[in-house]
Each structure stands twice: as C-alpha cells, then as structure tokens.
Amino acid sequence: MESSHHTEQKVGQERCWSEVTSTDSQRSHLHDAGHICVLKDASRCESLTEIANLTSADQFDAALAIHLYKGGRHLQGSRIPFGIIFGGTDINEDIRSEEKRRVMGAVLREARFAVAFTTEMKELAAAEWPDARKKIYVQYQGIRTTPTETFDWYRFLQNADIPADTDDLRVFLLICGLRRVKDPLYLVDVFSDWHRKEPSVHLGIIGPAVDPLLTTEIKEKIKRAPGVHLLQEMPQDDLHAAMRRCFAVVNSSISEGMSAAILEAMDLNIPVLARNIPGNAAIIKHKDTGLLFSDPQEFVALSKSLMNDPIMEREIVTRAKDYVKKHHSWECERKAYQNLVLRLR
C-alpha cells in the first residue's frame with residue numbers, strides 16, 4: 001500500500017480531493033458516503049509541483065494520502081486539508097533515513113489525522129513524533145473477497161505450465177508486487193530443491209511488475225528453478241478464485257504494514273505461511289491462525305507439517321476465518337473512513 005493516488009470527493013456542495021492507493025477499499029468507502037473520488041498514482045508524478053498544482057485548483061477541497069513519505073510529501077504545504085494513512089514501509093523502513101524522517105514529521109504535523117493499521121504501528125510513529133499521538137487512529141484493514149464462480153482452475157494451471165494431472169498437486173501462491181521489499185526470490189532456491197524431491201509441490205509468484213529490473217531478475221532465476229512459476233497478473237475476482245483452489249498462500253516480505261493477501265486468504269479458508277516480521281506477526285498467531293517462518297528451511301518444514309496434518313490445517317483456517325470476521329470487518333472500516341473524512345471539511 002505504498003503507491004499513492006489522489007481522490008476527488010464531493011460532500012454535498014463541498015468538493016474534496018485526496019490521494020489513495022491502488023486498493024479500491026478507501027475509494028469505495030468514500031464513494032458510498034457521497035464523495036467523488038479521483039485516483040492519481042503519486043509515484044508516477046514527474047515532480048512534487050505536479051500534485052501541488054492539482055491541489056491548488058479550485059475543484060479540490062481536501063486530500064488523503066497513503067504512505068507518510070511517498071504520498072504525504074506531495075501534500076506538504078498544501079492549501080487544502082489532508083489526512084494520512086500509514087503504508088508500512090514508511091514507519092518500518094523510511095524512518096531510518098534522517099531526511100525522510102524529517103519530511104514525514106513535517107507532513108504529520110500538518111495532517112488533520114493519520115491512520116495506522118495496527119497498534120504497534122501507531123506506537124512506533126508516536127515514539128518518533130509524540131506530539132502527533134492524539135491524531136493517530138488505529139483502524140485494521142477491512143477485507144472482502146469476491147471469487148469468480150466460473151474460474152477455470154485447470155486453464156490457470158495450464159497457463160502457468162503446472163501439470164494438472166499430478167497426484168496430490170499442492171500449489172503455493174506468493175502474491176505481491178514485484179519489488180525488493182517483498183523479497184519474492186527469498187524462497188525460490190529452497191522451494192525448487194524441494195520440488196525436485198517432491199514434484200507435486202509448485203510455487204506460483206503473482207503480482208504487478210513494480211520494479212522492472214527485479215522482474216527481469218525473477219524471470220532469469222525461474223528459468224533455472226523447476227517448480228517455481230511467474231504467473232500472469234489477473235483481475236482480483238479471478239485471483240481470489242485461484243487462491244481458493246491453492247494449497248496455501250505465502251508471504252516472504254522483508255517489511256509489511258498489513259498484508260491484504262494474507263487477510264484475503266484467511267477469509268477464503270486457505271492456510272497462510274508468512275515470514276516472521278512484525279507486520280505479519282501482528283495478524284498471525286503462530287500455529288493458531290497461520291504459520292510463521294524465520295528462514296527458507298523453516299518454511300519447507302512448516303509446509304510439510306501442514307501437508308501431513310489435515311486436522312491442524314482445518315483448525316488453523318477455522319480460527320483464521322473467525323479472526324478476520326471479528327477484526328477486519330469491511331463495514332467497520334467503511335464507517336471509520338467515512339467519519340474520518342469529515343475532519344477534512
């Protein structure tokens with residue numbers, strides 16, 4: 001959730017603008033409250049003045065940015081009021097840079113409010129900028145999955161070059177934007193070694209090619225890694241349907257705010273194996289609602305234990321589904337953002 005967009009909103013006769021991410025949830029929530037939302041990817045803007053020119057135009061009355069640095073820096077000194085949604089890498093990674101930390105502090109001082117996905121994320125931000133504590137709200141991501149009922153799983157396997165007639169086929173899906181912080185190559189070697197011994201296991205990597213150089217590296221690496229496949233991007237409804245048919249969803253990120261793919265897998269009753277980092281540990285309780293691994297070898301060991309213990313698998317997905325229903329309600333998130341945006345009047 002780091003690439004930002006801007007969103008025009010209309011509140012009665014009042015017109016507002018904001019920056020949000022490629023996820024449609026915030027835009028959907030604001031639309032349903034009567035706002036008109038226009039999205040703009042701030043990472044594709046050629047200069048800071050490009051967004052400054054937009055916010056100075058009369059048609060926008062407010063702004064919302066995702067990612068305190070990547071999105072928020074475009075709104076520093078803005079003529080219109082704005083809010084911030086922390087992305088994850090801003091608080092976990094960018095805060096280590098003195099220059100980025102200075103910019104983020106200045107943006108946070110100007111913001112009417114900020115949203116953190118977890119209490120831990122709020123505490124990290126508040127420790128760095130104590131004066132902002134009262135304006136930081138904790139709102140877990142709301143999740144809604146909509147799998148396509150007519151999804152053709154066998155065509156999906158064929159397109160991925162995964163043999164559909166394999167006995168006990170187990171497909172693992174790593175869903176992420178192809179960029180360094182997601183570390184999509186982390187498990188490739190160990191998974192390919194495992195596949196050589198157990199040809200029924202396959203790893204599919206799927207997501208937008210955010211970093212072209214890394215995407216090229218992945219393609220070259222996978223040529224020499226049997227059992228690992230780089231899959232074509234697909235519409236979200238089809239992706240949810242593919243997730244529902246896979247054995248497990250995988251997360252290997254170096255840093256996360258809150259992974260929507262993990263939560264979606266939980267909602268779809270699919271087990272999750274995730275790298276043991278703070279953002280993942282905030283939503284997964286090890287061996288309770290998912291499995292956390294600290295290195296590639298532990299990933300394979302935990303995957304095997306999951307494959308060999310269907311009772312454990314069933315208990316994990318049941319508890320994970322209950323967790324998502326209780327803590328990641330789409331309707332609760334909707335009400336929260338609809339109330340917060342009123343602070344931008």
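Residues numbered from 1 in each chain as written. Predicted model: local features only at pLDDT ≥ 70, side-chain atom pairs only at ≥ 80, totals over all residues. Heavy atoms only, no water.

Draft legend 1. Seen up close, the overall build of the protein. A count of helical and extended segments in the protein gives 14 helices and 12 strands. Burial status across the protein gives 56% buried among its 345 residues. Within the protein, residue pairs in contact and separated by at least 24 positions form 67% of the contacts whose partners lie at least 6 positions apart. For the protein, the exposed area adds up to about 15600 Å²; of that, 47% sits on carbon and sulfur atoms. (Helix = DSSP H or I, 4+ residues; strand = E, 2+ residues; numbered from the N terminus. Buried < 20%, exposed > 50% of the residue type's maximum accessible area, 1.4 Å probe, protein only. Contact = heavy atoms within 4.5 Å. Areas by Shrake-Rupley, 256 points an atom, 1.4 Å probe, with all protein chains shown as cover.)

Draft legend 2. Quick look at helix α14 (residues 330-340). Every buried residue of α14 is accounted for by W330, E333, R334, A336, Y337, Q338 and L340. Capping the start of α14, S329 holds a side-chain oxygen 3.2 Å from the backbone nitrogen of E331, two or three residues further along. (Polar contact = N/O pair within 3.5 Å; in protein donor to acceptor, adjacent residues only side chain to side chain.)

Draft legend 3. Seen up close, the pattern of salt bridges. Inspection of every chain in the model, using the stated rule, returns 15 salt bridges. Between K100 and D94 there is a salt bridge; the shortest N-O distance is 3.5 Å. Between R102 and E99 there is a salt bridge, with its nearest N and O atoms 2.7 Å apart. Of the two residues, R102 and E99 are both situated in helix α4 (residues 98-110); the distance of three residues between them amounts to about one turn of the helix. Exposure remark for R102: the relative accessible area of 48% places this residue in the partly exposed category. Looking at E99, the relative accessible area reads 45%, which means it is partly exposed. The network of salt bridges with shared partners includes R180, D211 and E217. (Salt bridge = Lys/Arg side-chain N within 4 Å of Asp/Glu carboxyl O.)

Draft legend 4. Geometry of the sheet that holds strand β10 (residues 248-251). Read across the open sheet, the six strands follow the order β9-β8-β7-β10-β11-β12; overall the sheet is parallel. The open sheet is flanked by β9 (228-230) and β12 (291-293), the only strands paired with a single partner. Here the average twist between neighbouring strands, direction ignored, is 25 degrees. On the sheet, helix α12 (residues 296-307) packs against β7 (170-175), β8 (201-206), β10, β11 (272-275) and β12 and is oriented at approximately 155 degrees with respect to β12. (Pairing = 2+ DSSP bridges. Axes fitted to C-alpha atoms, helices over the stretch in contact; angles between N-to-C directions.)

Draft legend 5. Spatial organisation of the pairing of β8. For β8, the tally of buried residues reaches six of six residues, placing the bulk of the element in the interior. The alternating pattern of β8 places V201, L203 and I205 on one face and H202, G204 and I206 on the opposite face, and all of these are buried. For β7 and β8, the ladder comprises six bridges, and the chain directions are parallel. Bridging across to β8, F172 finds its partner in L203. Crossover connection from β7 via helix α7 (residues 188-197) to parallel β8: handedness right-handed. (Right-handed = clockwise from strand over helix to strand, strands pointing away.)

Draft legend 6. Structural detail: the side chain of S252. Tracing the backbone shows S252 in the loop between β10 and α10 (260-267). Classification of S252 by relative accessible area gives buried; the value is 0%. Only 3.0 Å separates the side chain of S252 from the backbone oxygen of D183, close enough to count as a polar contact. With residues near it in sequence (within four places) discarded, S252 still touches L174, K182, D183, P184, Y186, L187, R275 and F293.

Draft legend 7. Quick peek at the packing of helix α9 (residues 236-245) against α10. In the contact formed by α9 and α10, the axes pass within 10 Å of each other and the chain directions differ by 60 degrees. With respect to each other, α9 and α10 are oriented oblique. In this structure, α9 crosses over α10, and the sense of that crossing is right-handed. In this structure, α9 contributes Q236, H240 and M243 to the contact, and α10 contributes A261, E264 and A265. Of the residues belonging to the contact of α9 with α10, the class tally is three nonpolar, two polar and one charged. (Parallel < 35°, antiparallel > 145°, perpendicular 65-115°, else oblique. Left-handed = near helix turned anticlockwise from the far one by under 90°. Nonpolar A, V, L, I, M, F, W, Y, C, P; charged D, E, K, R; others polar.)

Draft legend 8. Structural context of the side chain of T118. In this structure, T118 sits in the loop between β5 (114-116) and α5 (119-128). For T118, a relative accessible area of 4% gives the class buried. Among residues more than four places away in sequence, those in contact with T118 are V138, Y140, M258 and A282.

Draft legend 9. Spotlight on the sheet that holds strand β4 (residues 82-85). The strand order β3-β4-β5-β6 describes an open sheet built from four strands, whose pairing is parallel. Looking at strand neighbours, the two that pair on one side only are β3 (63-66) and β6 (136-138), the edges of this open sheet. Mean inter-strand twist for the sheet, computed between neighbouring axes without regard to direction, equals 20 degrees. Across two bridges, the pairing between β4 and β5 is parallel. Its bridge partner lying in β5, I84 is registered against A114.

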